[in-house]
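# Structural overview
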2 protein chains.
Amino acid sequence: MLVAASELMIERSSIEISLSDIAQKSGANAALVKYHFGNKDGLLLALLERNAATELSNLEYLLAQPITPTAKLKLHIGGIIRAYYRFPYMNRLIHYLLHETNTAAADEVSKFFVAPLLDFHRRLLADGVSLGEFRATDPVLFYTSLIGACDHLFFGRHAMSRATGVGPVTDEVCRQYIKHMETLICGGILTQVEEAAAAG
Amino acid sequence: MLVAASELMIERSSIEISLSDIAQKSGANAALVKYHFGNKDGLLLALLERNAATELSNLEYLLAQPITPTAKLKLHIGGIIRAYYRFPYMNRLIHYLLHETNTAAADEVSKFFVAPLLDFHRRLLADGVSLGEFRATDPVLFYTSLIGACDHLFFGRHAMSRATGVGPVTDEVCRQYIKHMETLICGGILTQVEEAAAAG
């Protein structure tokens, strides 16, 4: 049923799907779908939780690799952007569950998505700082800027395409944004010369 | 009436206000409010347009100053974050108008908010690159990462506070985030030594 829900949301580019749509797509009885998930929000929450669990187990794996914190950070940036791209509804789902449903659903999302991701950033930054690779950086502020920037490629894009003829997010745009974010987060926008001057 | 609407949204920390609330607060006749703005979305759009116009005229002023593009970029980062902080409803309003109302309202927001801001980034980046201060950076990707990161401090914050006991956005948090974003956007997270090594 989760697979059916996921496919439906991708097909329709929308999270507006009903329990009966899902029942029809999965071949299950509508009453059974209702029994399992309670209501539509329950199903959406279960779906997001499943996707989040996959992504978060990748983070643990990444942290354990014998590579530098800088290399891990770059892989992580690519990982977030690709996850949003692979599950285009994930971003809308997170926004919907956090802001438009009841507090219990929002608490769940915070617990299984926000908290583990923040914890990953905290550990990665601590590693990078202790190895002398990263500047001392507050993990909460870092989380906010990195996740906000990645999220906005998907959430903000259709506002931009309306305004400016910017096209939709394609494979190629994803690759460009990963490259852009790696460069920006690691080295900033200043040229080497300028940065050395600013540092005195 | 726009002032009344603005004050009401700040008081209630919500964009859920009705035309009759606004009429009551402003002392105007409810029919007059309706006549002026058509409906609630019309009023919200007018309010956002007024705030956006103020912020955008500041951008033109900033661009004309006799300071370096790097200094302009830093002032701009502080400007965005403070504008969101001053008008806490602005962020929710933009999301609401772009994603949950009709296409005409979303087109309006794109036209008076997204397009001019993107144009400002385009010109600022071109100046910075031609003066040798900035790396060559795609303006659309830059817009996405900067606006996404600033926006997320306000949009993502209550998800984080639920997950982790992170507090609300105060004056002090705003100042910290401005400092964090200036450092991150200008210089990135890598230490000087590490960056020189990465550059070969």
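## Here we look at the overall build of chain A
A tally of helices and strands in chain A yields 11 helices and zero strands. The secondary structure elements of chain A, listed N-terminal to C-terminal, are α-α-α-α-α-α-α-α-α-α-α. Counting all 200 residues of chain A, 53% fall into the buried class. Residue pairs in contact within chain A that sit at least 24 positions apart in sequence constitute 66% of those at least 6 positions apart. Total accessible area on chain A stands at roughly 8700 Å², and carbon and sulfur atoms take up 56% of it.

## Quick notes on the packing of aromatic side chains
Residue and element names in this part refer to chain A. In the structure shown here, the tally under the stated rule is two aromatic pairs over all chains. Ring centres of Tyr 84 and Phe 154 lie 5.7 Å apart, and the angle between their planes is 45°; on these two criteria the pair is classed as tilted. Within this pair, whereas Tyr 84 is found in helix α5 (residues 69-86), its partner Phe 154 is found in helix α8 (residues 139-155), the two being separated by 70 residues in sequence. You'll find Tyr 84 and Phe 154 in the same group, each marked buried.

## Quick word on α8 of chain A
All names here are of chain A. The terminal C-alpha atoms of α8, which comprises 17 residues, lie 23 Å apart, in line with the 24 Å expected from a rise of 1.5 Å per residue. Counted residue by residue, α8 has 17 buried out of 17 residues, so it is predominantly covered. For α8, the side-chain oxygen to backbone nitrogen distance between the N-cap and Val 140 is 2.9 Å, and the N-cap itself is Asp 138.

## Regarding the environment of Glu 60 of chain B
Mapped onto the secondary structure, Glu 60 of chain B falls in helix α4 (residues 40-63). When the C-alpha atoms of Glu 60 of chain B and Phe 120 of chain B are compared, they prove to be 7.9 Å apart, with 60 residues separating the residues in sequence.

## Let's talk about the pattern of salt bridges
Taken as a whole and assessed by the stated rule, the structure comprises 12 salt bridges over all chains. Here Glu 108 of chain A makes a salt bridge to Lys 111 of chain A, at a shortest N to O gap of 3.5 Å. Of this pair, Glu 108 of chain A and Lys 111 of chain A both sit in helix α7 (residues 103-130), three residues apart, which is roughly one turn of the helix. What makes Glu 108 of chain A partly exposed here is its relative accessible area of 26%. Glu 60 of chain B is paired through a salt bridge with Arg 123 of chain B; the nearest N and O atoms lie 2.6 Å apart. Pair noted here: Glu 60 of chain B is in helix α4 and Arg 123 of chain B is in helix α7 (residues 103-130), with a separation of 63 residues, a long-range link. For Arg 123 of chain B, a relative accessible area of 32% translates into the label partly exposed. Among the charged side chains, a salt-bridge network with shared partners connects Glu 60, Asp 119 and Arg 123 of chain A.

## Description of helix α6 (residues 88-99) of chain A
Since the α-helix turns once every 3.6 residues, residues separated by three or four places project in the same direction. α6 of chain A sits mainly inside the fold: 10 of its 12 residues count as buried. Regarding α6 of chain A, the residues found buried are Tyr 89, Met 90, Asn 91, Leu 93, Ile 94, His 95, Tyr 96, Leu 97, Leu 98 and His 99 of chain A.

## Observations concerning the packing of helix α1 (residues 2-12) of chain B against helix α6 (residues 88-99) of chain B
All names here are of chain B. Look at α1 against α6: their axes get within 9 Å of each other, and the N-to-C directions meet at 100°. Between α1 and α6, the angle falls in the class roughly perpendicular. Contacts between α1 and α6 involve Ser 6, Met 9 and Ile 10 from the first element and Pro 88, Tyr 89 and Leu 93 from the second.

## Notes on the state of the cysteines
According to the stated counting rule, one finds zero disulfides over all chains in the structure shown. Left unpaired, Cys 174 of chain B is separated from the closest cysteine sulfur, that of Cys 150 of chain B, by 10.0 Å.

## Let's talk about the side chain of Glu 133 of chain B
All names here are of chain B. As for its position among the elements, Glu 133 is in the loop between α7 and α8 (139-155). No salt bridge is formed by the buried Glu 133. Its closest oppositely charged neighbour is Lys 72, at 8.9 Å. Polar side-chain contacts of Glu 133 include one of 2.5 Å to the side chain of Thr 70.

## Side note on the packing of helix α5 (residues 69-86) of chain B against α8 of chain B
Residues and elements named next belong to chain B. Axis separation between α5 and α8 bottoms out at 9 Å; the angle between their running directions is 40°. With respect to α8, the axis of α5 lies oblique. Crossing handedness for the pair α5 and α8: right-handed. From α5, Leu 73, His 76, Ile 77, Ile 80, Ile 81, Tyr 84 and Tyr 85 reach across to α8, where they touch Phe 142, Leu 146, Ile 147, Cys 150, Asp 151, Leu 153 and Phe 154. When the residues that make up the contact of α5 with α8 are grouped by side-chain class, the tally is 12 nonpolar, one polar and one charged.

## A short note on the environment of Asp 21 of chain A
On the secondary structure map, Asp 21 of chain A appears in helix α2 (residues 19-26). Apart from the residues within four sequence positions on either side, Asp 21 of chain A is in contact with Leu 8 and Arg 12 of chain A.

Parameters at a glance
- Residues numbered from 1 in each chain as written.
- Chains lettered and ligands numbered in written order.
- Predicted model: local features only at pLDDT ≥ 70, side-chain atom pairs only at ≥ 80, totals over all residues.
- Heavy atoms only, no water.
- Helix = DSSP H or I, 4+ residues; strand = E, 2+ residues; numbered from the N terminus.
- Buried < 20%, exposed > 50% of the residue type's maximum accessible area, 1.4 Å probe, protein only.
- Contact = heavy atoms within 4.5 Å.
- Areas by Shrake-Rupley, 256 points an atom, 1.4 Å probe, with all protein chains shown as cover.
- Phe/Tyr/Trp six-rings, centres within 6.5 Å; stacked < 30°, edge-to-face > 60°.
- Expected span 1.5 Å × (residues − 1).
- Polar contact = N/O pair within 3.5 Å; in protein donor to acceptor, adjacent residues only side chain to side chain.
- Salt bridge = Lys/Arg side-chain N within 4 Å of Asp/Glu carboxyl O.
- Axes fitted to C-alpha atoms, helices over the stretch in contact; angles between N-to-C directions.
- Parallel < 35°, antiparallel > 145°, perpendicular 65-115°, else oblique.
- Disulfide = S-S within 2.5 Å.
- Lys, Arg positive; Asp, Glu negative; His and termini not counted.
- Left-handed = near helix turned anticlockwise from the far one by under 90°.
- Nonpolar A, V, L, I, M, F, W, Y, C, P; charged D, E, K, R; others polar.

Read these as spatial facts, not as claims about activity.
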